[in-house]
Amino acid sequence: MPPFTYQLYSSRKFGPVEAVLRRVADLGFARVEGYGALVEIPQAADSLALALEETGLTMPTAHIGLDQVEETPALVISAAQTLGLETVVIPYLEDRPADAQGWSALGARVAHAADPLRAAGLTVGWHNHDFELVDLGGEQRPLDLLLAADPPLVLELDVGWVARAGLDPAAWVARHRSKLAAVHLKDVAAPGANGAEDGWADLGHGTLDWPGIVAALGTTGVGHWVMEHDNPSDDVRFAANSITAARAMNWGE
């Protein structure tokens, strides 16, 4: 498997990014994934690139909003070049379609918006939550419709949100194996547990079938394995527990 990646969103409440990067590097992560304001503003990207260089970390992937991709693609491309990004992932959309036709139209919209980024050598993908996995009727799922866009989008599959949707993460890895560019390794706490952390758990400390998920991922060649917790009360605990659990499960690096 590729080197472990840490999603910096997990540490958004815990100090300046420079300090977060030092902690992450010390724990043994080789890569980080950026998000939002860390990468969207040119000055922020310059500062972040310097901090990455100082810690020896790289950032091949980052989350950037669809509004930025559509409205300021040149700035997104500039930030990507500054940070050494390979893949831009659209992570979330507040105003979402209500039916299959709307999701297909959204896929076409995203695919069109991605054209300038692709021309600059970037890959563009989508990150799922549970709402892209609802059954729209006849087993039509929003995520399938998004990924049917032309030109095609790649997928960063969040296995925690797949589980939250009541579906089997390993099956969804297999379902979209040809489009899988990255994966979010996110664990789900037992029912009623970790309420203060929105029901999420440190990797390997929750309920997901990690041997089954990792076996499925091993057939895909997916390039980025990203550890994330949406709302940890202690980001250092989460990062340390997660990388320790991954090593204990012999995932390698």
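Everything here concerns the structure above.
Definitions and cut-offs
- Residues numbered from 1 in each chain as written.
- Predicted model: local features only at pLDDT ≥ 70, side-chain atom pairs only at ≥ 80, totals over all residues.
- Heavy atoms only, no water.
- Helix = DSSP H or I, 4+ residues; strand = E, 2+ residues; numbered from the N terminus.
- Buried < 20%, exposed > 50% of the residue type's maximum accessible area, 1.4 Å probe, protein only.
- Lys, Arg positive; Asp, Glu negative; His and termini not counted.
- Charge placed at Lys NZ, Arg CZ, Asp CG, Glu CD.
- Axes fitted to C-alpha atoms, helices over the stretch in contact; angles between N-to-C directions.
- Parallel < 35°, antiparallel > 145°, perpendicular 65-115°, else oblique.
- Left-handed = near helix turned anticlockwise from the far one by under 90°.
- Contact = heavy atoms within 4.5 Å.
- Phe/Tyr/Trp six-rings, centres within 6.5 Å; stacked < 30°, edge-to-face > 60°.
- Lys NZ or Arg CZ within 6 Å of the ring centre and 35° of its normal.
- Pairing = 2+ DSSP bridges.
- Right-handed = clockwise from strand over helix to strand, strands pointing away.
- Salt bridge = Lys/Arg side-chain N within 4 Å of Asp/Glu carboxyl O.

A. The overall build of the protein chain, seen in detail. If you tally the helices and strands in the protein chain, you get 12 helices and 10 strands. Across its three principal axes, the protein chain shows a C-alpha extent of roughly 45 × 40 × 35 Å. In the protein chain, which comprises 253 residues, the proportion classed as buried is 51%. If the 16 positive side-chain charges of the protein chain are averaged to one point and the 34 negative ones to another, these points end up 3 Å apart.

B. The arrangement of the packing of helix H1 (residues 17-27) against helix H3 (residues 42-55) in detail. Between H1 and H3, the least distance of the axes is 10 Å, while the angle of their chain directions is 25°. Taken as axis vectors, H1 and H3 run roughly parallel relative to one another. Taken as a pair, H1 and H3 cross one another with a handedness that is right-handed. Across the interface between the two elements, Val17, Glu18, Leu21, Arg22 and Ala25 of H1 pack against Ser47, Leu48, Ala51, Leu52 and Thr55 of H3.

C. Quick peek at the packing of aromatic side chains. Applying the stated criterion to the full structure yields five aromatic pairs. A ring pair is formed by tyrosine 92 and phenylalanine 131, whose centres lie 5.8 Å apart and whose planes are at 70°; its orientation type is edge-to-face. In this pair, tyrosine 92 is assigned in the loop between strand E4 (87-90) and helix H6 (100-113) and phenylalanine 131 in the loop between strand E5 (123-127) and helix H8 (142-147), connecting sequence segments 39 residues apart. On the basis of relative accessible area, phenylalanine 131 is assigned to the buried category, the value being 17%. Each residue in the set Tyr6, Phe29 and Phe238 is aromatic and connected to the rest through ring pairs, giving one cluster. The ring of tryptophan 200 carries lysine 186 above its face, with NZ or CZ at 4.9 Å from the centroid.

D. Region of interest: the pairing of strand E3 (residues 58-63). The element E3 is largely enclosed, with a buried count of five among its six residues. The pairing of strand E2 (residues 31-35) with E3 spans four bridges and is classified as parallel. Across the sheet, tyrosine 35 pairs through a bridge with histidine 63, a residue of E3. Bridge count between E3 and E4: three bridges; the pairing is parallel. The residue of E4 that forms the bridge with histidine 63 is valine 89.

E. Spotlight on unusual backbone geometry. At the junction of aspartate 150 and proline 151, the peptide bond is cis and its omega measures out at 0° in the coordinates. Secondary-structure assignment places proline 151 in the loop between H8 and strand E6 (154-158). Despite not being glycine, glutamate 139 shows a phi value in the positive range, around 65°. Mapped onto the secondary structure, glutamate 139 falls in the loop between E5 and H8. Here the phi dihedral of aspartate 198 falls at roughly 60°; this positive angle occurs in a residue that is not glycine. Residue position: aspartate 198 is located in the loop between strand E8 (187-188) and strand E9 (200-201). Overall, the relative accessible area of 44% leaves aspartate 198 in the partly exposed class.

F. Representation of the pairing of E2. Across the five residues of E2, four count as buried, placing the element largely inside the fold. Strand direction decides the pairing type here: strand E1 (residues 4-7) and E2, joined by three bridges, are parallel. Across the sheet, threonine 5 pairs through a bridge with arginine 31, a residue of E2. Regarding topology, H1 serves as the crossover connection from E1 to the parallel E2, and that connection is right-handed.

G. Looking closely at the pattern of salt bridges. The tally for this structure, following the rule as stated, stands at 10 salt bridges. Across the pair glutamate 70 and arginine 109 runs a salt bridge whose closest N-O atoms are separated by 2.7 Å. With glutamate 70 in helix H4 (residues 66-71) and arginine 109 in helix H6, the pair connects residues that are 39 residues apart, well separated along the chain. Between lysine 186 and glutamate 228 there is a salt bridge whose closest N-O contact spans 3.0 Å.

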